[in-house]
Amino acid sequence: MNTTIETLPTPCLVLDEAKFQRNVTNMRTRIAQRGGTLRVHVKTNKSIDATRRILDDGAPHRIMVSTLEEARYFAAHGLGDITYGVGIVDQKLEEVARLIGAGVDLKVVLDSAHMARKLGQRGRELGVTFKAYAEIDTDGHRAGLQPQDAQLIEIGRILAGDRGSQLAGVITHAGGSYECRSISEIRAMAEQERSRLVLAAESLRAAGIECPETSLGSTPTATFGESLAGITEVRAGVYVFQDLVMAGLEVCRIEDIALSVLATVIGHQTTRNGIITDGGWMALSRDRGTAQQAVDQGYGLVCDVDGRACGDLIVTSANQEHGIVAERQGRAVDFARFPLGSQLRVLPNHACATAAQHDRYHVVEGREVKAVWPRSNYW
Ligand SMILES: Cc1ncc(COP(=O)(O)O)c(C=O)c1O
C-alpha cells in the first residue's frame, strides 16, 4: 500500500506492526520457556491476518473463540482446532454440530449437569459427539464449579457415559487477575488458577473419569505465572495488542501498546482547557477499565501521530462522536501543539473493547500504512 497515516479518514483503528509482533513473540517464548503450549484467544484480534501472524510466529494452530461467528470465520479460513469459551446452551448446539460436521474440532464449555445431559442427547440426535470442558471457578470471578463440587464428578460421568458427548477436560480463566494490585499478587493468582484446576482434574481422575486436558489462562497470569505442572495449555488473547489496563498491572509498558485510535482535532475549548477531537466513545468504547487502578487514564492516553505519549494528556470525557482531551491534573493545555486538523493517537483502556468498535485495522510501520486487516465482529 502506498498510503500514510495522515491520509486516513478519522476516527480509525491503527495497529503498530512492530509492537504487535514483539508482543506475540514475547508471550510465545515465555510460555515455551515454561514448557507450556499456547492456545491464542482470538476474541481480541478477530482477524485472520493478525492470527496468521501469530501462528506464523510459531504459536500452535489452536485457538479459543468467544462467539460462534468467530468460530465460523476462523474455520472458514482453515483453522480446525477451536474451543468456544463461552458457556454453551441448547440453542447453539445445531450450529456447533454443523461446524463439527464440516470437520472442525470444535469444543464447548459447560458447568452444569443439566447441560451435560442435554449435550449427549442433542449429540445423538444430531449425529455428532460433542466434546466439552467442565468449567472450574478458580477465583470467584465468573462462571464455573468449585474444584471439589460433587457436580463436577456427575458432569464427568454424564459426558463420558453418552455416545453423544465426551469430556475434553477442565478449563478455567483467572479473570480476577485483572483486579490484582501487584505482580506478586498476579503470581499468586496464577498459582491459585493452576493448583485449583489441577485439583479439579485430579478429583475427576480419582473417580475413574478420564480428564485429558487442563486449560487455563489470562494475559496477566500467563505473563507472571511460574509453574505449569499438570497443565496442558495456556490461553491468552489481549497480550497481542496490550492496553492501558495491562500497563496499569505492569504486565506491559505503555510503549508496548500496539493498538490506538487515530483521531483529528476538531476544536479548541480554550476557556475550558480542552481539545475536542472526532474520537468519541463510538471510536474508543465506553470502557473505563483503568478507573479502579492507581493511574486513571480516562477514556485513553493521548499520543502524538507517531505514537509517543504526550505526558499527562488523556481523554477526560467522551460523547458519541466527540472526545475531550485535557491534562490529567487540569494543567493548562498547550493548544499550539495540536492545531485544528492535526492528528493524535489514543491508546485504549481495553484493547478488545476498542477494537470491537471498528471493522478493520490500519497496520502501520512508522507513518506508512502497510496493510488493512479486516475484523470479523458481532455474533
Ligand atoms: C475463557 C477465557 N480464556 C482466556 C481469555 C484470555 O484472557 P486475556 O484477555 O487476559 O488474554 C479470556 C478473556 O476474557 C477468556 O474469557
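Our subject is the structure listed above.
Presented here is a report on the structure given in the accompanying data block. This structure is a prediction, so every number in the text was calculated from the model and none was measured.

Calculation notes
- Residues numbered from 1 in each chain as written.
- Predicted model: local features only at pLDDT ≥ 70, side-chain atom pairs only at ≥ 80, totals over all residues.
- Heavy atoms only, no water.
- Near = heavy atom within 4 Å.
- Polar contact = N/O pair within 3.5 Å; in protein donor to acceptor, adjacent residues only side chain to side chain.
- Areas by Shrake-Rupley, 256 points an atom, 1.4 Å probe, with all protein chains shown as cover.
- Buried < 20%, exposed > 50% of the residue type's maximum accessible area, 1.4 Å probe, protein only.
- Helix = DSSP H or I, 4+ residues; strand = E, 2+ residues; numbered from the N terminus.
- Pairing = 2+ DSSP bridges.
- Core = buried A, V, L, I, M, F, W, Y, C linked by side-chain atoms within 4.5 Å.
- Contact = heavy atoms within 4.5 Å.
- Axes fitted to C-alpha atoms, helices over the stretch in contact; angles between N-to-C directions.
- Salt bridge = Lys/Arg side-chain N within 4 Å of Asp/Glu carboxyl O.
- Parallel < 35°, antiparallel > 145°, perpendicular 65-115°, else oblique.
- Nonpolar A, V, L, I, M, F, W, Y, C, P; charged D, E, K, R; others polar.
- Right-handed = clockwise from strand over helix to strand, strands pointing away.

Moving on, we come to the site of the ligand. Around the ligand sit 14 residues in total, of which K43, R142, Y178, T219 and G237 are the nearest. At 2.8 Å from an oxygen atom of the ligand is found a side-chain nitrogen or oxygen belonging to K43. In the environment of the ligand, an oxygen atom lies 3.1 Å from a nitrogen or oxygen atom belonging to the backbone of V238. Contact with the protein chains hides 93% of the accessible area of the ligand, taken as 390 Å² for the molecule alone.

With that out of the way, let us pick up the pairing of strand 16 (residues 343–347). Regular strands show a simple pattern: their side chains alternate between the two faces of the sheet. Burial analysis of strand 16 places five of its five residues in the buried class, which makes it a mostly covered element. Here strand 16 shows a buried face lined by Q343, R345 and L347 and a second buried face lined by L344 and V346. In the sheet, strand 11 (residues 259–269) pairs with strand 16 via four bridges, with the strands oriented antiparallel. Bridged to T264 within strand 16 is Q343. As defined by bridge partners, strand 13 (residues 301–303) adjoins strand 16 across three bridges and the pair is classed as antiparallel. Opposite L301, over in strand 16, you have L347 as the bridge partner.

A few words now on the nonpolar core. Core analysis: the biggest nonpolar cluster contains 111 residues, and F20, I88, L106, L110, L119, V170 and Y361 have the highest contact counts within it. Looking at this core, the element that brings in the most residues is helix 7 (residues 183–206), giving seven residues. Aside from chain neighbours lying at most four places away, what touches I88 is L93, V96, V108, V109, L110, M115 and L119. Formed by eight residues, the second largest nonpolar core is a distinct cluster that contains L8, C12, V305 and V369.

Read around the barrel, eight strands follow the order 3-4-5-6-7-8-9-10 and close on themselves; strand pairing throughout is parallel. Neighbouring strand axes in the sheet, compared pairwise and without regard to direction, differ in orientation by 30° on average. Where strand 6 (residues 105–110) lies against strand 7 (residues 130–135), four bridges are found, and the strand directions are parallel. Bridging across to strand 7, V109 finds its partner in Y133. Most of the contacts of helix 7 go to strand 9 (residues 213–216), to which it runs at about 160°, and overall it touches strand 8 (165–171) and strand 9.

The subject of this paragraph is the pattern of salt bridges. Tallying each qualifying case throughout the model produces 34 salt bridges. Close ionic contact of D256 with R22 constitutes a salt bridge, the shortest N to O distance being 3.2 Å. Separated by 234 residues along the polypeptide, D256 in the loop between helix 9 (244–248) and strand 11 and R22 in helix 1 (residues 17–33) bring together distant segments of the chain. A relative accessible area of 10% means that D256 is categorised as buried. Among the residues examined, R22 registers a relative accessible area of 35% and is labelled partly exposed. Put simply, R39, R62, D81, D105, K107, K131 and E233 are held in one network by salt bridges that share partners.

So, on to the packing of helix 5 (residues 113–126) against helix 6 (residues 150–160). Taken N-terminus to C-terminus, the directions of helix 5 and helix 6 make an angle of 5°; their axes are 9 Å apart at the nearest point. As the angle between them shows, helix 5 and helix 6 are arranged roughly parallel. Only Q151, E154, I155, I158 and L159 of helix 6 make contact with helix 5, whose side of the interface consists of A113, A116, R117 and L119. Looking at the contact of helix 5 with helix 6 residue by residue, the classes come out as six nonpolar, one polar and two charged.

With five of six residues buried, strand 7 is to be regarded as a mostly interior element. With six bridges connecting them, strand 7 and strand 8 associate as parallel partners. Across the sheet, the residue bridging to Y133 is G169, located in strand 8. With helix 6 bridging strand 7 and its parallel neighbour strand 8, the resulting β-α-β unit is right-handed.

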